[in-house]
Amino acid sequence: MKQFSLATVAVLAFLATFAGPDPVARAASVLARIDISEQRMTVFVDGRRAARWPVSTARRGYRTPVGTFRPGRMYKRYFSKKYHGSPMPYSVFFHGGYAIHGTNAIRSLGRPASHGCIRLHPDNARQLFTMIERHGKRNARIVITR
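Residues numbered from 1 in each chain as written. Predicted model: local features only at pLDDT ≥ 70, side-chain atom pairs only at ≥ 80, totals over all residues. Heavy atoms only, no water.

Novice: Is there a simple way to explain the sheet that holds strand 2 (residues 40-45) in this structure?
Specialist: In a beta sheet, neighbouring strands pair by backbone hydrogen bonds and run either parallel or antiparallel. The 5 strands are arranged 3-2-1-9-4 in an open sheet whose pairing can be described as mixed. Since the sheet does not close on itself, it has two edges, and those belong to strand 3 (48-54) and strand 4 (67-69), each with one partner. Going across the sheet, the axis of each strand differs from the next one's by a mean of 15 degrees, ignoring polarity. One ladder, built from 6 bridges, connects strand 1 (residues 30-35) with strand 2; its direction is antiparallel. (Pairing = 2+ DSSP bridges. Helix = DSSP H or I, 4+ residues; strand = E, 2+ residues; numbered from the N terminus. Axes fitted to C-alpha atoms, helices over the stretch in contact; angles between N-to-C directions.)

Below you can see the structure in the form of structure tokens.
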């Protein structure tokens, strides 16, 4: 019985050398950390800071959810169904109807101005979207703090 077990282990080890590393283990991780009090997003890829951008989160009377989330639906072109068809380029939805997305209101970046979504400059939204797309939604996290 021991010989069979050792032989099985040897064969499995031999086959594993041809299989290569697990794709999930190889994949990079993306962390988008949003600080509501600073109105800033810092993006980390594999633990290294990749970007830091101003954002706009919820203005008075609205809220941006706080917590840790995974990206959900993602759209390069999206228009709000709730707020008069407003453009939301490079949308990364993370909690129901809440998303990180580009905005045309770039003068408001750095201060609360949204209905709850996290607004970015469209170029920065595209970069974040591309990072998440490249590394996979399963390997990305969105952390929002006050």
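Novice: Is there a simple way to think about unusual backbone geometry in this case?
Specialist: Where the residue is not glycine, phi is negative for most of them; where a peptide bond is considered, it is trans in most cases. You will see that Asp 46, though not glycine, has its phi angle at about 55 degrees, which is positive. When you line up the elements, Asp 46 lands in the loop between strand 2 and strand 3.

Novice: I would appreciate a short explanation of the nonpolar core in the present structure.
Specialist: In a soluble, globular protein the nonpolar side chains are often hidden away together inside. Grouped together as the largest cluster of nonpolar side chains are 25 residues, with contacts concentrated most on Ile 34, Met 41, Ile 100, Leu 128 and Ile 142. Contributing elements (two or more residues each) for this core: strand 1, strand 2, strand 3, strand 6 (91-95), strand 7 (98-102), strand 8 (118-120), helix 3 (122-135) and strand 9 (140-145). Broken down by element, this core gets its largest block of residues, 5 residues, from helix 3. Leu 128 has contacts with Ala 32, Met 41, Val 43, Trp 53, Ile 100 and Leu 120, leaving out every residue within four places of it along the chain. Counting 5 residues, the second-largest nonpolar core is a separate cluster that includes Met 88, Phe 93, Ala 99 and Cys 117. (Core = buried A, V, L, I, M, F, W, Y, C linked by side-chain atoms within 4.5 Å. Buried < 20%, exposed > 50% of the residue type's maximum accessible area, 1.4 Å probe, protein only. Contact = heavy atoms within 4.5 Å.)

Novice: Can you help me understand the sheet that holds strand 6 in this one?
Specialist: Reading across from one edge, 5-6-7-8 is the order of the 4 strands in this open sheet, with mixed pairing throughout. With one partner strand each, in any of the chains shown, strand 5 (74-75) and strand 8 form the two edges of the open sheet. Bridge analysis of strand 5 against strand 6 gives 2 bridges, and the strand direction is antiparallel. Within strand 6, the position partnered with Met 74 by the bridge is Val 92.

These values are about where atoms sit, not about what they do.
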